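# Fold and geometry: a report
Next come the chains, spelled out residue by residue.
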Amino acid sequence: MFMYCSTACLADLIHLCVGASLAAVLGQDGRRVLLVEKDLKEPDRILGELLQPGGYQALSQLHLADCLDGIESEAIQGYVVHDYASKSNVVLHYPKDSHGQITEGRAFHHGRFVSRLRQMASCHKSVTVIEGTVTKLLYDGNCIVGVEYTTSGVFCKKVVKAPLTIVADGCFSKLRKALVTEAVCVPSYFSGLLLEDCPQFQWNHAEIVLGDPSPILVYKASCRDGREAVKRGNTMTSCF
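Definitions and limits used
Residues numbered from 1 in each chain as written. Predicted model: local features only at pLDDT ≥ 70, side-chain atom pairs only at ≥ 80, totals over all residues. Heavy atoms only, no water. Helix = DSSP H or I, 4+ residues; strand = E, 2+ residues; numbered from the N terminus. Buried < 20%, exposed > 50% of the residue type's maximum accessible area, 1.4 Å probe, protein only. Contact = heavy atoms within 4.5 Å. Areas by Shrake-Rupley, 256 points an atom, 1.4 Å probe, with all protein chains shown as cover. Phe/Tyr/Trp six-rings, centres within 6.5 Å; stacked < 30°, edge-to-face > 60°. Lys NZ or Arg CZ within 6 Å of the ring centre and 35° of its normal. Pairing = 2+ DSSP bridges. Expected span 1.5 Å × (residues − 1). 1 Å grid on protein atoms, 1.4 Å probe; cavity = no way out; pocket = protein on both sides within 12 Å on 5 of 7 lines; lining within 4 Å. Points joined across faces, edges and corners; volume = space filled by probe spheres on them.

Along its length, the protein carries 4 helices and 16 strands. Counting across all 240 residues of the protein, residues that qualify as buried make up 38%. Within the protein, contacts between residues at least 6 apart in sequence are counted, and of these 65% link residues at least 24 apart. Carbon and sulfur atoms provide 56% of the accessible area of the protein, an area that totals close to 14200 Å².

Further remarks concern the packing of aromatic side chains. For any pair of aromatic rings, the description rests on two quantities: the centre-to-centre distance and the angle between the ring planes. Under the definition given, this model contains 2 aromatic pairs. Each ring, one from Y79 and one from Y94, has its centre 6.1 Å from the other, and the planes form 90°; the classification is edge-to-face. Separated by 15 residues along the polypeptide, Y79 in strand 6 (residues 78-83) and Y94 in the loop between strand 7 (88-93) and strand 8 (105-107) bring together distant segments of the chain. When the ring of F108 is compared with that of F113, the centres are 4.7 Å apart and the planes differ by 35°; the resulting orientation is tilted. Over the aromatic face of Y84 sits the side chain of K87, whose NZ or CZ is 4.3 Å from the ring centroid.

A few words on the sheet that holds strand 8. With antiparallel pairing, 3 strands are arranged side by side in an open sheet as 4-8-5. Each edge of the open sheet is held by one strand with a lone partner, namely strand 4 (50-51) and strand 5 (74-76). Two elements, strand 5 and strand 8, share 3 bridges in a ladder whose sense is antiparallel. By the bridge assignment, I76 is partnered in strand 8 with G105.

Looking now at the pairing of strand 9 (residues 127-140). Where strand 3 (residues 33-37) meets strand 9, 5 bridges bridge the pair, whose relative direction is parallel. In the sheet register, V36 faces strand 9, and the bridge partner there is I130. In terms of strand pairing, strand 9 meets strand 10 (residues 143-151) through 8 bridges, oriented antiparallel. Bridge pairing in strand 10 links Y139 to I144.

The next point concerns helix 3 (residues 110-122). Taking 1.5 Å as the rise per residue, helix 3 with 13 residues should run 18 Å; its terminal C-alpha atoms sit 18 Å apart, in good agreement. Of all the positions in helix 3, only H110, G111, F113, V114, S115, L117, R118, M120 and A121 are classed as buried. Looking at the packing, one finds that the buried side of helix 3 touches helix 1 (20-28), strand 3, helix 2 (53-61) and strand 9.

When its volume is computed, the second largest pocket comes out at roughly 280 Å³. Lining the second largest pocket are 17 residues; nearest its centre among them are L47, H110, F113, V114 and L117. Of all the secondary structure elements, the ones that give two or more residues to the lining of the second largest pocket are helix 1, helix 2 and helix 3. The leading source of residues in the lining of the second largest pocket is helix 3, at 5 residues.

Now the structure itself:
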């Protein structure tokens, strides 16, 4: 049994799930942000672990590049493409910048990066990070005006309102049906391996194997860990 605990409009923005980067940026401006994360433990996922130079530059412009410090992120300066059929290897460098230096991307463990983003967001006094489950979006006519959520061990549904609510909890979101009518389409999956002390064909370069039947991506996620991602079909049957 749940009871309701009403709260005042205490945020300029409510962000639901994996929104730490936006919360951190808005916190820099002193915006009041409530970030609701279902689980604050370090995520164990393969998602966005290879940041291209443009993404790294954008992260720097948002003053979030420090989130890559202390997580053993690896500099990436290009790719090595291995053609399985011809047994050939092609090295592709990223473009050079205005100073003639090769631009760099970054590779890292997804979970470590997300944890650092949460820490960065929490550093701002105007940002509140809570571990909770959003049970309902609140409407005023056709406009979303807030959310209803619960926290672990508290038998009380809390209500919070804000001028803007951002839902960013993925394609399998329980809230998706309230916002999008299209069916979820998952065209393919990646299976990931963690390779310890795996040698690189060329230092600071990710590798792509043009294999049969699908390509394979390999990159360093930390000083000792290599990540191998194998593209698969649209089913989740185990391949190991």
